[in-house]
Amino acid sequence: MTGAGITLFDHVLTANALLVAFAMVGIIMWLSNALASRLTGGRIHGSAIAIIIGLALAFWGGIATGGHKGLSDIPVLSGFGLMGGAMLRDFAIVATACEVDIERAKRAGLVGTIALVLGTVLPFLFGAGLAWAFGYRDAVTISTIGAGAVTYIVGPVTGAALGAAPVIVTLSIGIGVVKSVVVMITTPLVARFIGLDNPRTAMVFGGMMGTVSGVTAGLAATDRRLVPYGALTATFHTGLGCLLAPSILYFAVLAVTG
Amino acid sequence: MTISGVALLALCTLLGQVLGELLGVQLGVKANVGGVGIAMILLIAARVWLTDRKLWTAGVNQGVMLWASLYIPIVIAMAAQQDVAAAVSGGPMVLIGGICVVCLCFAMVALIGRMSGRSETMDEIEARERLASITEQADTA
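Residues numbered from 1 in each chain as written. Chains lettered and ligands numbered in written order. Predicted model: local features only at pLDDT ≥ 70, side-chain atom pairs only at ≥ 80, totals over all residues. Heavy atoms only, no water.

**Re a nonpolar patch on the surface**
Here is the rule: Like charges are joined within 9 Å and nonpolar side chains (Val, Leu, Ile, Met, Phe, Trp, Tyr) within 5 Å, but only among residues with over 30% relative accessible area and no salt bridge; these make up the patches. Note on areas: Shrake-Rupley, 1.4 Å probe, and residue coverage restricted to the protein chains presented here. When a carboxyl oxygen of Asp or Glu is within 4 Å of a side-chain nitrogen of Lys or Arg, the pair counts as a salt bridge. Only protein chains enter the area calculation, which uses a 1.4 Å probe; residues under 20% of their type maximum are buried, those over 50% are exposed, and those in between are partly exposed.
A contiguous nonpolar patch, built from A:Ile27, A:Trp30, A:Leu31, A:Leu35 and A:Leu39 and spanning about 560 Å² of accessible area, is present on the exposed surface. Among the residues examined, A:Trp30 registers a relative accessible area of 64% and is labelled exposed.

**Things to note about helix α12 (residues 212–222) of chain A**
Owing to its 3.6 residues per turn, the α-helix aligns residues three or four sequence positions apart on the same side. Where we set the bar: Going along the chain from the N terminus, every DSSP run of H or I of four or more residues is numbered as a helix, and every run of E of two or more is numbered as a strand. We call two residues contacting when some pair of their heavy atoms lies within 4.5 Å.
Of all the eleven residues making up α12(A), eleven are buried; the element is thus mostly covered by neighbouring parts of the structure. Residues of α12(A) that are buried in the fold lie against α3 (46–65), α5 (86–95), α10 (166–190), α11 (199–209) and α13 (227–257) of chain A together with α4 (71–79) of chain B.

**A few points about the domain arrangement of chain B**
Worth spelling out the cut-off: An automatic or database domain assignment is the source of the domain bounds shown.
Split by domain assignment, chain B resolves into domain 1 (1–82) and domain 2 (83–141). Centre-to-centre, using C-alpha coordinates, domain 1 of chain B lies 22 Å away from domain 2 of chain B.

**Structural notes on the domain arrangement of chain A**
Residue and element names in this part refer to chain A. Applied cut-off: What gets called buried area is simply the loss in accessible area from a 1.4 Å probe that two parts show on being joined, summed for both.
In terms of domains, chain A is made up of domain 1 (3–84) and domain 2 (102–257). Distance from the C-alpha centre of domain 1 to the C-alpha centre of domain 2: 27 Å. The interface of domain 1 with domain 2 comprises six residues on the first partner and eight residues on the second. Carbon and sulfur atoms supply 82% of the area buried between domain 1 and domain 2, which totals about 540 Å² over both sides. When the buried surface of domain 1 facing domain 2 is broken down by residue, His45, Ile51 and Leu55 rank first, second and third, together holding 68% of it. The interface formed by domain 1 and domain 2 holds zero salt bridges in total.

**Some points on the interface of chain B and chain A**
Quick note on the threshold: Polar contact is defined as a pair of N or O atoms within 3.5 Å, subject to the rule that within protein one atom must be able to donate a hydrogen and the other to accept it, and that residues adjacent in sequence are counted only when both atoms are side-chain atoms.
Between chain B and chain A, the residue contacts involve 77 residues of the former and 96 residues of the latter. Buried surface at the junction of chain B and chain A, summed over both partners, amounts to about 7400 Å²; 78% is from carbon and sulfur atoms. For chain B, the biggest contributors to the area lost against chain A are B:Tyr71, B:Met93 and B:Phe106; these three give 11% of the whole. At the boundary of chain B with chain A, the tally comes to two salt bridges. Between A:Arg225 and B:Asp123 there is a salt bridge whose closest N-O contact spans 2.9 Å. Taken together, the links from chain B to chain A amount to twelve residue pairs in polar contact (both at pLDDT 80 or more). Mapped onto the side of chain B that touches chain A, the elements with two or more residues apiece are α1 (2–27), α2 (35–52), α3 (58–69), α4, α5 (84–88), α6 (92–115) and α7 (122–140) of chain B. Sorting elements by how many residues they give to the side of chain B that touches chain A places α6(B) first, with 19 residues.

**Here we look at the pattern of salt bridges**
Scanning the model with the defined rule gives four salt bridges over all chains in all. The closest approach of N and O atoms between A:Arg225 and A:Asp223, which form a salt bridge, is 2.8 Å. You can call A:Arg225 partly exposed: its relative accessible area is 24%. With relative accessibility at 15%, the residue A:Asp223 sits in the buried group. Put simply, A:Asp223, A:Arg225, B:Asp123 and B:Glu126 are held in one network by salt bridges that share partners.

Here you go:
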């Protein structure tokens with residue numbers, strides 16, 4: 001192909017970035033479904049493979065461009081940023097609410113709420129303990145790292161509120177992102193062992209894990225029908241974390257460290 | 001009309017986000033508190049209200065379901081734009097922390113699930129509903 005030809009090709013792809021993303025995701029899903037049925041006999045969900053391919057491509061995109069938005073940092077693939085961004089993600093999650101059985105959701109409401117509170121406090125305490133084990137002794141740093149273990153949004157929000165050092169904020173985001181990625185990959189593998197096959201456990205799972213991206217992708221890869229139940233509780237998680245981490249939980253850490 | 005379903009979904013999502021932001025401001029938090037959850041509850045309420053008045057038409061349903069069915073592709077696009085490179089290069093504390101906290105949470109999900117007793121699985125629910133609709137058809141026939 002000539003230089004002008006490549007420019008023209010590039011121009012069409014960049015001008016239609018969202019369509020490029022639709023086409024590529026379609027191809028990834030088609031490939032994943034074929035792999036799932038041919039190689040694993042349907043034991044591994046096609047969407048689980050597709051999500052892992054997505055993460056692998058994100059890793060490659062990050063290495064290739066040095067950016068922070070995975071594949072979408074490559075200009076012709078910038079459509080991934082719009083397609084997988086918060087706006088369309090939330091739009092599609094809300095749409096799944098039509099599949100929620102209201103009575104069932106109400107009955108799981110209390111246990112879901114308990115999971116939501118535990119899902120904020122326990123990861124925070126774990127993260128705080130980890131920071132202590134790695135030699136950090138000031139309450140602001142410990143709280144910011146603890147908040148990162150809740151979700152990768154709670155970490156930086158808490159860090160900003162408490163005035164943590166940028167490098168600590170980066171660490172806390174890192175823990176949150178690893179958490180989210182690990183949830184996406186491992187949920188379908190452990191689903192059977194933790195009894196994740198019914199709406200109530202899905203709501204507990206959503207409240208406990210918190211990370212909306214991890215929960216919804218993990219459930220999508222396990223059983224598409226469970227997604228709305230998990231999403232219903234998970235979406236309150238980040239808000240609750242942002243509420244508790246820089247306030248009550250920080251004061252608790254301060255009381256211990258003195 | 002399909003667009004009326006899409007529009008309804010958009011209105012619920014926008015209203016939910018606004019209410020989530022307001023809740024955040026009220027609580028003095030720099031984040032959206034449950035915006036998506038509130039939007040989901042609004043959509044469920046709207047569906048009940050419209051169904052009761054026979055206004056939840058096939059077109060409206062199609063507009064909402066179009067986006068519900070695009071959910072998984074959107075999640076895959078979302079996975080493709082995560083900062084995986086940073087997560088991997090974050091060092092031992094980041095990796096240990098991220099992995100162990102997930103194990104802890106999985107254990108808690110299993111524990112809470114066991115403590116609150118057995119629940120009908122998705123397969124059992126669908127089987128029962130299928131059976132119910134078959135008997136219903138047989139009754140009317």
